[in-house]
Amino acid sequence: MPIHCTHCRPFIRRQPGSGRAFIEIFVRAYQDSDGDGIGDLRGLISRLDHLHQLGVRGIWLMPVTRSADRDHGYATTDFRGVEPDYGTLADMRELLRQAHRRGIGVIMDYVINHGSHEFPPFQAALADASSPYRPWFLWSQEAPKGWDIWGKNPWYHAASKPWTFEGEWKDLPAPPPGAQGFYFGTFGANMPDFNLRHAPALRYHLDSLRFWMNLGLDGVRLDAVPHMVENSAQDWNDQPESRALTKQLQDLVKSYPKRYTVCEATASPEVYGRADVCGGAFAFSLIPHIVAAPKGDAAAVRAMVDYWKSAPPGMATFLSNHDIFAGQRAWDQFGANEARYKLAASTYLLMPGTPFIYYGEEVGQAGLPGLKGDLPIRGPMSWDTRPHAGFTKGTPFRAAAPNAATHNVLAQSAGTRSILRHYRDMLALRNGHPSIARGTWEHAFADGLVMGFQRALGPERTLVLINYGQAHREVALPGLGASSRAELLWASAPHMAGRLIPTASAPALRPTAHALPAQSVQVWRISPAS
Ligand SMILES: [Ca+2]
Ligand SMILES: [Ca+2]
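Residues numbered from 1 in each chain as written. Chains lettered and ligands numbered in written order. Predicted model: local features only at pLDDT ≥ 70, side-chain atom pairs only at ≥ 80, totals over all residues.

Next up on the list: the overall build of the protein. Counting its secondary structure elements, the protein contains 14 helices and 21 strands. Since a compact globule built from 530 residues should have a radius of gyration of about 24 Å, the 24 Å found for the protein is in line with a globular shape. Overall, the protein is about 80 × 50 × 45 Å in size when its C-alpha atoms are taken along their principal axes. Looking at the protein as a whole, 49% of its 530 residues qualify as buried. Sequence separation of 24 or more characterises 67% of the internal contacts of the protein that already satisfy a separation of 6 or more. (Helix = DSSP H or I, 4+ residues; strand = E, 2+ residues; numbered from the N terminus. Rg over C-alpha atoms; globule rule 2.2 N^0.38 Å. Buried ≥ 20, exposed ≤ 12 C-beta atoms within 10 Å, placed from the backbone. Contact = placed C-beta atoms within 7 Å.)

Below is the structure:
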């Protein structure tokens, strides 16, 4: 039975996205409510006031559907059920209710490309070649030749039970000679790809998306969309069929009012960010520049100025996320240098796009030493100075961050120069000024290690100036008339050591030679001459 829109009304006054900031949350690592050492939805609900105070207007939940991996959750076993470690559907409804009350929308990961090998339809397909679920997945009697996805063969010999292999997939031993019966898995043997050309399999996912929209989710982060449909050993990534299917998914979600879609598309994110594909996509090509500019890379400053001349406004910006391929936690990328850290935060939180803060980033949480792969960047949230940083009263599934004693929410709430205060300031600017949240990108310039740009929306115009360099600079400001009036909205002290409260004695804007202290940010409101 198809699922129809049973609650076709907006749950939240404003659509999430459209420039207002999200936070990405790994529920397992956020807050444990019952002492089992694993974060859960009830724990997250108890921390919504922190998120509201921070100023985010959206939450992206990494997968909360039931999964087989007992960790990140991308190996789904039930596309319409909540992971029991995290709670129940009733908890999910309560999270939505409580978040919406605070003006915060909630989206979650939806993984359509693949399921877990434990997903019951895959088990049925494995057990019986005549099962109606067999064509839900991709099979080949003989071993297909010529395939190479990131150094590995994505075709797995089912009878060898390759999902039991514990090494890297590229090291999986070859199947015996003459082996028969292979299935396809882009990301590994434990995550078989769906055959999305098979109407019943696709319909199942479309109905699952409707299920979540009916529950009150405000949208989805669509995982790995360029991998949805393959054509051949050469043509497997970002095929036209995957783009078309992405648009179909966006249309379904947005047939509900005030819903949001954002896609993970590492190959060509600016294409997926367009309205005619996904409508939003993570800006993987921009992120390295946001990180490099505060380290003194003038070419990165120039590249950021050029990026927004052509990138769609639906791009989603960030400093780091849950995947190590996108980089270490920001704290480690900047080598604990807080001035550089805050410069990078100001950069993406004052730019176009929709920013996504990675949980813990707002307090400078460090990665975990001595762990491999993605695990160092998926540690428990640092809340306070209690044992395990306040994450759990029990034994945590993973240790607290090494800097949790100083870089936690409680300590940083008290500090006037803290990273958390800086994030709150930036989000207050974004929430209080529509031009910063979703305005144009005008008169952008790079002058060595100084970047400036104007943002305009309706009658409001703002000017952002960032000096990434270690030296005081005077720069010419393009696009300002001699009679423009300027009001300082926010300024940092030199070297980002706290903020200056604008006063009557604030520096004047001098368009021909404006002074910017070393490592500093200024935000101005510009008005035409009266
Ligand atoms: Ca728990
Ligand atoms: Ca696929």
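Before going further, it helps to examine the sheet that holds strand 19 (residues 499–500). In space, the six strands of this open sheet follow the order 14-15-16-21-18-19, with antiparallel pairing throughout. Lying at the two open borders of the sheet, with one neighbouring strand each, are strand 14 (442–447) and strand 19. In this fold helix 9 (residues 298–310) packs onto strand 14 and strand 15 (450–457), with an angle of close to 165 degrees to the strand it touches most, strand 14. (Pairing = 2+ DSSP bridges. Axes fitted to C-alpha atoms, helices over the stretch in contact; angles between N-to-C directions.)

Our focus in this paragraph is the pairing of strand 16 (residues 460–467). For strand 16, the tally of buried residues reaches seven of eight residues, placing the bulk of the element in the interior. When strand 16 meets strand 21 (residues 520–527), the two strands line up antiparallel, connected through six bridges. Within the sheet, the bridge partner assigned to Asn467 lies in strand 21 and is Ser520.

The next point concerns the packing of helix 11 (residues 338–350) against helix 13 (residues 419–432). Closest axis-to-axis distance for the helix 11/helix 13 pair is 10 Å, and the angle between their directions is 15 degrees. Looking at the two axes, helix 11 sits roughly parallel to helix 13. Note on packing geometry: the crossing formed by helix 11 with helix 13 is right-handed. Residue-level inspection shows Glu338, Tyr341, Lys342, Ala345, Ser346, Leu349 and Leu350 of helix 11 in contact with helix 13, the latter providing Ile419, His422, Tyr423, Met426, Leu427, Leu429 and Arg430. (Parallel < 35°, antiparallel > 145°, perpendicular 65-115°, else oblique. Left-handed = near helix turned anticlockwise from the far one by under 90°.)

Moving on to the domain arrangement of the protein. Taken domain by domain, the protein comprises domain 1 (120–184) and domain 2 (439–527). Using only C-alpha atoms to locate each centre, domain 1 and domain 2 end up separated by 57 Å. (Domains from an automatic or database assignment.)

What follows deals with the sheet that holds strand 6 (residues 139–140). Judged by pairing direction, the sheet is antiparallel, and its three strands sit side by side in the order 6-8-7 without closing on themselves. Each having just a single partner strand, strand 6 and strand 7 (155–157) make up the two edges of the open sheet. Two elements, strand 6 and strand 8 (residues 182–184), share two bridges in a ladder whose sense is antiparallel. Bridge pairing in strand 8 links Ser140 to Phe182.

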